[in-house]
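Here is how the chains run, residue by residue.
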Amino acid sequence: MTFSAADVDAMRRALSLAKRGIYTTEPNPRVGCVLVRDDQIVGEGWHQRAGEAHAEVNALQQAGEAAQGATAYVSLEPCSHQGRTGPCCVALAEAGVKRVVAAVQDPNPAVAGKGLAYLAEQGVDVAHGLLAEEAEALNRGFFSRMRRGRPWLTVKLAASLDGRTAMASGESRWISGAASRDDVHRRRAWSSVVMSGSGTVLADNPRLDARLAEPCRQPRRVILDSTLQTPPDARLFESEAPLLLVCGEQASEARAAALEQAGAEIWRLSGQRPDLRQVLEALAQSHEVNEVMLEAGPKLAGVALSAGLVDEICLYLAPHLMGDAARGLFHLPGLAAMEDRVPLEIVDVRRLGEDIRLLLRPGAGGAGE
């Protein structure tokens, strides 16, 4: 389908608006909408918070009667189902919009083309596929949950230039600089969940919440703790962010009660050790979790990579050396030959203060899906 330069400009504006909801729309997708009539923007809006008006409704309210005969550019297909708000496809048709361009179809089976189909039935000219890649990237976690039944998983690591994440003693504070740590807090804020293991909790005693200058939605913290070794006085309990401890079926009832009294929610799964895939799928189903950032040691990070669950690696490299006795990035036993290497694709390289941030994804033939 052919789109004009004006179409592209309007959709880029819709995507820019959608990004304003990056910290607030969970579990809903981030969506922006622009209404154009006679080559002029007459209304625009974005989905600001789950349970509140969608982007299309906000844009229509701003446009008023000027929406009649306008083209609507929406970064995600208008919804067609009744949820906490009404169907946006109906609102667009009733407002007299003559054309709707969606960046990408909604992966939600409750919508999945039905919104565009309804608009076409009402005589509205519809199209989709404009800047689809950018639109899907903005809501990669939502697409992952709808298509794969699990969240998008990013492994966050900080390492020295020789790839070490902690000294042999376990000491790791601080490997990266202040600019990198600020970036981590921003990434926590737009994640649904920050996940770690009990080993990291015992070694580092982190809070794992988002600490930004501006107000932000706090991610849920999820700790994989087979036998509930997390202390009730851990710094995790100093934050108001929700805390979920996932344990095995043999974990102590007394420990569970003490941790619940301290403020944690306890998930007791079958088996002695929680299965990471099972945990991710359960989070998607029960809590509508879209994106998980895993901040853990080499063992849990290695388990995630070996299981094909890692979608992205966010690696902060600091300009110092820690020596060959220090701990590595991933525990990956069994890599004996060059052909066993895990290939990674470099997606982005950025300087943050004195550090370098690498965004990487498991490449073709690697451990990722």
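Treat the numbers as computed from the prediction; the structure is a model and nothing was measured. All residue numbers refer to position in the chain's written sequence, counted from 1. Side-chain atom pairs in this predicted model are given and counted only at pLDDT of 80 or more, local residue features only at pLDDT of at least 70, and totals for whole chains, interfaces and linings cover all residues. Calculated side-chain values reflect all of the structure's heavy atoms, with hydrogen atoms and water omitted.

1. Overview of the overall build of the chain
Piece 1. The secondary structure listing takes helices from DSSP runs of H or I that are at least 4 residues long and strands from runs of E that are at least 2 residues long, numbered from the N terminus. Along the chain, the regular secondary structure elements total 11 helices and 14 strands.
Piece 2. Here the globule rule is a power law, 2.2 Å times the number of residues to the power 0.38, and the radius of gyration is based on C-alpha atoms. Relative to a compact globule of 369 residues, whose C-alpha radius of gyration would be 21 Å, the chain shows 23 Å and is just as compact.
Piece 3. The 369 residues of the chain split such that 50% are buried.
Piece 4. In this description, contact between two residues means that some pair of their heavy atoms is separated by no more than 4.5 Å. Pairs at least 24 residues apart make up 69% of the contacts formed inside the chain by residues separated by at least 6 positions.
Piece 5. Accessible surface for the chain amounts to roughly 17000 Å². Of this, 48% is attributable to carbon and sulfur atoms.
Piece 6. In this tally Asp and Glu are treated as negative and Lys and Arg as positive; neither His nor the chain ends contributes. A charge is said to be at NZ when it belongs to Lys, at CZ for Arg, at CG for Asp and at CD for Glu. Of the charged side chains in the chain, 40 are positive and 47 negative; the average position of the first set lies 3 Å away from that of the second. Each residue is assigned to one of three classes by its accessible area relative to the maximum for its type, calculated with a 1.4 Å probe on protein chains only: buried under 20%, partly exposed between the two thresholds, exposed over 50%. Per-residue and other accessible areas were derived by the Shrake-Rupley procedure at a 1.4 Å probe size, with only the shown protein chains allowed to occlude residues.

2. Focus on the sheet that holds strand 5 (residues 125–128)
Piece 1. Judged by pairing direction, the sheet is mixed, and its five strands sit side by side in the order 2-1-3-4-5 without closing on themselves. A single partner strand is all that each edge strand has here, and the edge strands are strand 2 (40–46) and strand 5. Sheet twist, expressed as the mean angle between neighbouring strand axes with direction ignored, is 15°.
Piece 2. Against the sheet, helix 2 (residues 55–63) contacts strand 1 (32–37), strand 2 and strand 3 (71–74), and its axis sits at roughly 140° relative to strand 2. By definition, two strands form a pair when at least two bridges between them are found by DSSP. Axis definition: a line fitted to C-alpha atoms, limited for helices to the stretch in contact. Angles are taken between N-to-C directions and run from 0 to 180 degrees.

3. Describing helix 1 (residues 5–18)
Piece 1. By definition here, a helix of n residues has an expected span of 1.5 Å times n minus one. In this model, helix 1 (14 residues) spans 20 Å end to end at C-alpha, consistent with the 20 Å of a helix rising 1.5 Å per residue.
Piece 2. Turning to helix 1, its buried residues number three or more, namely Asp-7, Ala-10, Met-11, Ala-14, Leu-15, Leu-17 and Ala-18. Buried residues along helix 1 cover an arc of 160° about the axis, so they all sit on one side. Within helix 1, the exposed residues directed more than 90 degrees away from the buried face are Ala-5 and Asp-9. By construction, the arc corresponds to the directions joining the helix axis to the C-beta atoms.

4. What about the packing of aromatic side chains?
By convention here, two paired aromatic rings are described through the distance between centres and the angle between planes.
Piece 1. Ring pairs are drawn from Phe, Tyr and Trp, using the six-membered ring of Trp, whenever the two centres fall within 6.5 Å, and their geometry is named by plane angle: stacked under 30 degrees, edge-to-face over 60, tilted for the rest. All chains considered together, the criterion is met by two aromatic pairs.
Piece 2. With a centroid separation of 6.4 Å and 85° between ring planes, the pair formed by Phe-142 and Phe-143 is classed as edge-to-face.
Piece 3. Note on Phe-143: relative accessible area 2%, which makes it buried.
Piece 4. In this arrangement the basic side chain of Arg-20 is found over the ring face of Trp-46, its NZ or CZ atom lying 4.7 Å from the centre.
Piece 5. Any Lys NZ or Arg CZ found within 6 Å of a ring centre and within 35 degrees of that ring's normal is scored as a charge over the ring. Positioned over the ring face of Trp-174 is Arg-181, at 4.4 Å from the centre of the ring.

5. Comments concerning helix 4 (residues 114–121)
Every α-helix winds through 3.6 residues per turn, so residues three or four apart in the chain are directed the same way.
Piece 1. Listing the buried residues of helix 4 in full gives Gly-115, Leu-116 and Leu-119. For helix 4, the arc enclosing every buried residue in end-on projection is 95°, short of the 170-degree limit, so these residues lie on one face.
Piece 2. Lining the buried residues of helix 4 we find helix 3 (88–94), strand 4 (99–102) and strand 5.

6. With respect to the pattern of salt bridges
Oppositely charged side chains may form a pair once their charged atoms are brought near each other.
Piece 1. Every case where a carboxyl oxygen of Asp or Glu lies within 4 Å of a side-chain nitrogen of Lys or Arg is listed as a salt bridge. Under the criterion given, the structure shown has 25 salt bridges.
Piece 2. When the shortest N-O distance is used, the salt bridge between Glu-26 and Arg-30 registers 3.7 Å.
Piece 3. Classification of Arg-30 by relative accessible area gives buried; the value is 4%.
Piece 4. As a salt-bridge pair, Glu-253 and Arg-268 come within 3.6 Å of each other at their nearest N and O atoms. Highlighted residues: Glu-253 in helix 9 (residues 253–262) and Arg-268 in strand 10 (residues 265–268), separated in sequence by 15 residues.
Piece 5. Residues joined in a network through salt bridges with shared partners are Glu-26, Arg-30, Arg-140, Glu-291, Glu-312 and Arg-361.

7. Some remarks on the pairing of strand 8 (residues 220–224)
Piece 1. Where burial is concerned, most of strand 8 is hidden: four out of the five residues are buried.
Piece 2. Sheet topology note: the strand 7 (residues 193–197)/strand 8 ladder contains five bridges and is parallel. Bridging across to strand 8, Val-193 finds its partner in Arg-220.
Piece 3. Orienting the strands away from the viewer, one traces the path from the first strand over the helix to the second; a clockwise path indicates a right-handed crossover. What joins strand 7 to strand 8 is helix 8 (residues 198–204), and the crossover it makes is right-handed.
Piece 4. By the bridge criterion, four bridges tie strand 8 to strand 9 (residues 243–247) in an arrangement that is parallel. Bridge pairing in strand 9 places Val-222 opposite Leu-244.

8. Comments concerning the state of the cysteines
Piece 1. The disulfide criterion is simple: two cysteine sulfur atoms within 2.5 Å. Evaluation of the coordinates by the stated rule reveals zero disulfides.
Piece 2. In this structure Cys-33 is a free cysteine whose sulfur lies 8.5 Å from that of Cys-88, the closest cysteine sulfur available.

9. Quick word on the environment of Pro-109
Piece 1. Its place among the elements puts Pro-109 in the loop between strand 4 and helix 4.
Piece 2. A C-alpha to C-alpha distance of 34 Å links Pro-109 and Glu-249, two positions 140 residues apart in sequence.
Piece 3. Look past the residues within four positions of Pro-109 in its chain and what remains in contact with it is Lys-114 and Met-146.

Fair warning: the whole summary comes from geometry, so function is off the table for now.
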